[in-house]
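An overview of the molecular structure
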Amino acid sequence: MLNNEYGKDDTFFFIYQQDICKDKQCFGMNFSEVFKQSNQLCKISPDGKYLATCVQYRLVVRDVNTLQILQLFTCLDQVAHMEWSSDSLFILCAMYKRGLVQVWSLEQPEWHCKIDEGSIGLVSSRWSPDGRHILNTTEFHLRVTVWSLCNKSVSYIKYPKACQKGMDFSADGRYMALVERRDCKDFISIFVCDDWHLLRHFETETQDLSGVEWSPNGCVLAAWDSCLEYKMLLYSLDGRLLSTYSAYEWSLGIKSVAWSPSSQFLAIGSYDEKVRILNHITWKKLIEFEHPATITSSKAVVYKEVEKKPVIGTEDLSVHQIAMGSSLFNTKSNYEITSLPVQVPVVKPDTDRANPKIGISAIAFSADNRYLATKNDNMPQSLWVWDMQRLGLQAVLEQTAPVRCFVWDPCRPRLALCTGNNKIYMWSPAGCISVKVQVEGSFQVQSIMWHGSGDSLVLLGKDQLCLCYLATDEEK
Amino acid sequence: MPPSRQYSHSTMPLLPVSPYSGPSDFCTENNISECMLYISQLSSLGLPSIFYDLNGIRELDVTSALNGMYDLLQLQRRTMGMVEELEVEQLKVSSDLHCQQLSSSKLKDQLELSKKENIRLRERERQLEINVKSLQSCLKNEKEEVQKLQNIIASRATQYNHDMKRKEREFNKLKERLNQLLADRKDKKQMDVLNYVGRSDGRRSQWKTVKTDAHESEMYKTLLNEFDKHQKELMLENAELRKVLQQMKREMVGILSPKKHSQKEEKCTEFTDQQAASDEEESSEMSCEHAREKLTNSIRQQWRKLKHHVENLDNKSMVQLGREVGEEMISKDVHQDEMERLKMEIQQCKDFIQTQQQLLQQQLNTPCDEETAAVLNDCYMLEEKERLKEEWKTFEEQRKNFEMERRSFTEAAIRLGHERKMFEEDRATWLKHQFLNMTFTEHMAIKTQNALSDSVQEQKH
């Protein structure tokens, strides 16, 4: 399967779940060789065939299965942001320091395109959903320039707001919502991506609008205020205000927002360590998920990662053993199910600083709408998984280090997470496993990306990446 | 009798209870007439005079004196009785008095104690009141402080907002200025592209005409589609729920009606009404307010009845719980355990079956083709066959041997039988001879006879 030119052989092994976890599950994990990357810039193409990575000045395009290098492009400066176009034909490389954007074509490697913003500076650059326009945000958010690759037209959008999430495209790529601020008031503009025509423009009743997000069905726009005020506004596609939701006053408010894939639920994570779920029919709170320090809910399963450092007796320290290298010092870890009630380790945040490390900072729904994963910042080593059907806590994963990244499988209810060590962890309703990344040398997993088919994972280290291929049940 | 003596005697107290201490020396032979005058006091007691007049001299009438004495005795007896009674009463009274004194002293003590307790409680109440007052004042202070802090926060918030707005305006001005400066500067061609690419959807790029209507209609179409989809989903859900409710109602009616015989008639009429209504609903499938309300109301009623019924059953079962045998009613936990166990068993059996199937599959799959399989089978069999054949041979030989031996044994047995018979006959004849020739002479005769018989026998043989 892995037949790359560097001639490395695969390491192939089966991982069996430990008996202490719920069910036995057997699947193979195949780790590829380690490649270099810089800046955590590594993206899989939308059609799932190619993998693009940036190594300093260079853009490397590989085939996802064979990992052979298909194309190699050289940019003018170190790449700060890299993005595939939606049809997987073009790749955008933005170099913010130089104010340059270079676009490369996979079909025609000799084709080139360079956009120079000049002295106006460049703060962010992204594709439009049709893959033929590039939106550049200038420094100080002076304006957003829309460059077209099809014709000579250039559009300008004034007064964009510099906030957490000031721009969002709807899932079908037809509409763009942009947050603007004029005369100390917040506005939302809805553009038609076809020809950048302004469809709607309306003021919002917010103190400091912090972000907007379209629902997956593209009909509702969620807009929320900054954390100084808890306020969530829901607008219809035609600009009507559908509903306002505010859970409480004065304390720090919304920290994270996520729509469920079916657009049925809107999950709002706030600084009071709770996630509130709004339903799409009445836009009222359906349920509140709390993250208490002591878990007593009887239906939840608490998985605790337990590390086992190998015990080395003095007689084992032969030359041969030492030459084996790091295997002696590799800690094995597995999950143990702890019985309730369980105390979750809490890290008290420093209240004197701004943006305290408390509250729900990350929420993610599984692809089948069934599960919700949340992370509470003052319980950084724990990950909470909620069952949306039962509206209750399903599982809690307690790791030995703070959870850095967790991502749901785009096809199945399977969650992959990493804590910055050399292991990746996966949770599914059947149980939990911990897998050491079997590559040469040390590899500290900093972030994870799923392939669109759910068959493989891209693991990103500090300046390395490797792929992990998961054998599906049919292949066994 | 000297009058002084008389006087002393007259002042002598009457001693009713004193025992008789000897004859009194009241009357002597000399002072009889004075004594008679003294005794005539009796008349003051209401008794008839003891004298009778005889010729102007008062003479003692013995009978009346005796009567008088008898009356006096009676009087005395009565008074004794009265005295006794009085004595008893006095005792009673004195003991009562004693009791009362004791109780009064006790009550006095109790009163003292309760007064002390009262004082103590009052003291405590006072202290608590002071405590409460101090706490209330603390609370008031805290509230005031909170209010003050909130006011401070509010005022600071407004101040910050104001400052923020001011800074923002300044920032906007800067941005505008910067924009102007940058726009004024003639930047060279900013986008350098080899050739323009076609649109992703393949269409030719069009002029940017004002197509607001098209966009609007597009947008509204999307929204309407979404609403339609949503409404369809809701209607489906609604229909399902209504079906479920209907079914529930029917089932509840079914459960309740056989049990309550007394109210059956009323129910029947109720049901028929509701059935009619529900039939209407079912037929029309329109969600008009009226029909909906009717359905929900009827469901509620049925549910209430069912609840009452279940509660009654619960009460009855609680009463009977002690009496009934435990086997019939298993607790929920036991039931659940059983279920778990059975489920596990089923799972184990399934696994087992699966492994068996796999093994069987393996078995069937491993031989490559039929011929070789047959040959293989044969070659295994061949060894077996050879072995068996040999065994058969040895077995047959042994059998033959046994047959022969048996035959010879039977022959020998027959011969033996014959010989025995012969021997028995001889013996018998010999004995007969012996018996016949029993005396000494006989013995001699026997001898001779024996000799003779022997010789005869010898001759015979």
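Everything below is about the structure printed above this text.
These figures come from a predicted structure and were not determined experimentally.

1. Examining the overall build of chain B
Check the secondary structure of chain B and you find nine helices and three strands. When the helices and strands of chain B are read in sequence order from the N terminus, they spell out α-α-β-β-α-β-α-α-α-α-α-α. A burial count over chain B gives 11% of its 461 residues as buried. Considering only residue pairs separated by 6 or more positions, chain B has 54% of its internal contacts joining residues 24 or more positions apart.

2. Points about the interface of chain B and chain A
On the side of chain A, 48 residues touch chain B, which itself brings 41 residues to the contact. Where chain B abuts chain A, roughly 4100 Å² becomes buried across the two surfaces, and 55% of that area is made up of carbon and sulfur atoms. Between chain B and chain A we count three salt bridges in total. Residues R181(A) and E168(B) are paired through a salt bridge, measuring 2.4 Å at the closest nitrogen-oxygen approach. Scanning the region where chain B abuts chain A turns up eight residue pairs in polar contact (both at pLDDT 80 or more). Contributing elements (two or more residues each) for the side of chain B that touches chain A: helix 3 (62–184), strand 3 (191–193) and helix 4 (212–259) of chain B. Taken together, the residues of the side of chain B that touches chain A sort by class into 14 nonpolar, twelve polar and 15 charged. Direction of pairing for strand 11 (residues 112–116) of chain A relative to strand 3 of chain B: antiparallel, over a ladder of three bridges. The residue bridging I115(A) from the neighbouring strand is M191(B), located in strand 3 of chain B.

3. Points about the sheet that holds strand 26 (residues 274–279) of chain A
Residue and element names in this part refer to chain A. Ordered in space as 24-25-26-27, the four strands form an open sheet in which the pairing is antiparallel. What marks the edges here is a single partner per strand, and that holds for strand 24 (254–259) and strand 27 (285–290). Looking at each pair of strands side by side, their axes are set apart by 20° on average, direction ignored. Pairing between strand 24 and strand 25 (residues 265–270): five bridges, direction antiparallel. In the sheet register, V257 faces strand 25, and the bridge partner there is I268.

4. What to know about the nonpolar core
All names here are of chain A. The biggest cluster of nonpolar side chains holds 34 residues, and the ones touching the most others in it are Y175, I188, M232, L234, L266 and I268. In terms of residues, this core owes the most to one element, strand 21 (residues 220–225), which gives five residues. If we skip the residues at most four places from it in the chain, M232 touches A222, A223, W224, S243, T244, Y245, I254, V257, L266 and I268. A300, V344, I363 and V396 belong to the second-largest nonpolar core, a separate cluster that totals 21 residues.

5. Section: the pairing of strand 25 of chain A
All names here are of chain A. Burial of strand 25 is extensive: six of the six residues sit out of reach of the surface. Here strand 25 shows a buried face lined by F265, A267 and G269 and a second buried face lined by L266, I268 and S270. Between strand 24 and the antiparallel strand that follows it, strand 25, lie five residues; S263 among them carries a positive phi value of about 65°. In this sheet, strand 26 lies alongside strand 25 in antiparallel orientation, the contact comprising five bridges. Looking at the pairing, I268 lines up with R276 of strand 26. Counting the residues between successive antiparallel strands, the hairpin from strand 25 to strand 26 contains three residues, one of them, E273, with a positive phi of roughly 65°.

6. Focus on the sheet that holds strand 7 (residues 69–74) of chain A
Residues and elements named next belong to chain A. An order of 4-5-6-7 is seen for the four strands of this open sheet, with the pairing classed as antiparallel. The two strands at the open ends of the sheet, each matched to only one other strand, are strand 4 (42–44) and strand 7. Ignoring which end each strand starts from, the neighbouring axes of this sheet average 15° apart. In terms of strand pairing, strand 6 (residues 58–63) meets strand 7 through five bridges, oriented antiparallel. The residue bridging R58 from the neighbouring strand is T74, located in strand 7.

7. Overview of the pattern of salt bridges
Residues and elements named next belong to chain B. Applying the stated criterion across every chain yields a total of 34 salt bridges over all chains. Here E396 and R399 are joined by a salt bridge, their closest N and O atoms 3.0 Å apart. Here E396 and its partner R399 are both found in helix 8 (residues 370–436), three residues apart, which amounts to about one turn of the helix. In this structure E396 comes out as partly exposed when scored by relative accessible area, which is 27%. According to the relative accessible area criterion, R399 is partly exposed, its value standing at 43%. With a closest N to O distance of 3.9 Å, E403 and R407 form a salt bridge. With a gap of four residues between them, E403 and R407 both fall in helix 8, about one helical turn apart.

Rules of the game
- Residues numbered from 1 in each chain as written.
- Chains lettered and ligands numbered in written order.
- Predicted model: local features only at pLDDT ≥ 70, side-chain atom pairs only at ≥ 80, totals over all residues.
- Heavy atoms only, no water.
- Helix = DSSP H or I, 4+ residues; strand = E, 2+ residues; numbered from the N terminus.
- Buried < 20%, exposed > 50% of the residue type's maximum accessible area, 1.4 Å probe, protein only.
- Contact = heavy atoms within 4.5 Å.
- Buried area = accessible area lost by both parts, 1.4 Å probe.
- Salt bridge = Lys/Arg side-chain N within 4 Å of Asp/Glu carboxyl O.
- Polar contact = N/O pair within 3.5 Å; in protein donor to acceptor, adjacent residues only side chain to side chain.
- Nonpolar A, V, L, I, M, F, W, Y, C, P; charged D, E, K, R; others polar.
- Pairing = 2+ DSSP bridges.
- Axes fitted to C-alpha atoms, helices over the stretch in contact; angles between N-to-C directions.
- Core = buried A, V, L, I, M, F, W, Y, C linked by side-chain atoms within 4.5 Å.

Without other data, these values stay purely geometric and don't point to any function.
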